[in-house]
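An overview of the molecular structure
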Amino acid sequence: MEKKAQISLEYLIIITAFFSSLLIIIPSINFIVNDFLFVNDSLLMKQISEKISEQDKLFLFLSDGSRKEFEFVPAKDITLKTINNEFILSNPKKTIIINLSSKQNFFEEKFNSKFVIIIEKQNNETKIFFSKK
């Protein structure tokens, strides 16, 4: 009987140690994963800013009715905002501001799944629209 009690006690100590170590490791892993996702979204924001800037310059020379669509998938979330001639991309760790050639309608939305950026030339102005997929 004494041996069984000792084995049960040792088993409980091992289980307690295992779960205690998980309590220490899981927050560290969570922090690392969140940082990785923010870095991934920051790289995506840089890619989006380069594409939008390039297309904005290209659309200056295209005729009315021209249209281009781009699909993007953020790892965590990205906030897109247009105010006057500015296109602003942000996440909790980084913000990128692009100056556009045409005034835009006000828009602000946070995307955490696939979304589309649509660039159109209307009335000799480049307009940017967004939609979720």
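So, here's what we can say about the structure. (Residues numbered from 1 in each chain as written. Predicted model: local features only at pLDDT ≥ 70, side-chain atom pairs only at ≥ 80, totals over all residues. Heavy atoms only, no water.)

Spatially, S1-S4-S5 is the arrangement adopted by the three strands of the open sheet, whose pairing is antiparallel. Two strands lie at the open edges of the sheet, namely strand S1 (67-72) and strand S5 (125-132), each paired on one side alone. If you compare each strand with its neighbour and ignore which way they point, the axes differ by 20° on average. Across six bridges, S1 lies against strand S4 (residues 115-122) in antiparallel orientation. (Pairing = 2+ DSSP bridges. Helix = DSSP H or I, 4+ residues; strand = E, 2+ residues; numbered from the N terminus. Axes fitted to C-alpha atoms, helices over the stretch in contact; angles between N-to-C directions.)

For asparagine 123, which is not a glycine, the phi torsion comes out positive at approximately 50°. On the secondary structure map, asparagine 123 appears in the loop between S4 and S5. In this model, asparagine 124 sits at a positive phi of 65°, which is unusual for a non-glycine residue. Mapped onto the elements of the fold, asparagine 124 is located in the loop between S4 and S5. Here asparagine 124 falls in the exposed class, since its relative accessible area comes to 62%. (Buried < 20%, exposed > 50% of the residue type's maximum accessible area, 1.4 Å probe, protein only.)

Time to look at the nonpolar core. Within soluble globular proteins, side chains that are nonpolar generally end up buried alongside one another. Ile48, Ile52, Leu80, Phe87, Leu89 and Ile117 are the most contacted members of the largest nonpolar core, which has 20 residues in total. The set of elements that each furnish at least two residues to this core consists of helix H1 (2-59), S1, strand S2 (78-91), strand S3 (94-111), S4 and S5. Sorting elements by how many residues they give to this core places H1 first, with five residues. Ignoring anything within four residues of it in the chain, the contact list for leucine 80 reads Phe87, Ile88, Leu89, Phe107, Glu108, Glu109, Phe111, Phe115, Ile117 and Phe130. (Core = buried A, V, L, I, M, F, W, Y, C linked by side-chain atoms within 4.5 Å. Contact = heavy atoms within 4.5 Å.)

As far as function goes, none of this settles anything; it's purely spatial.
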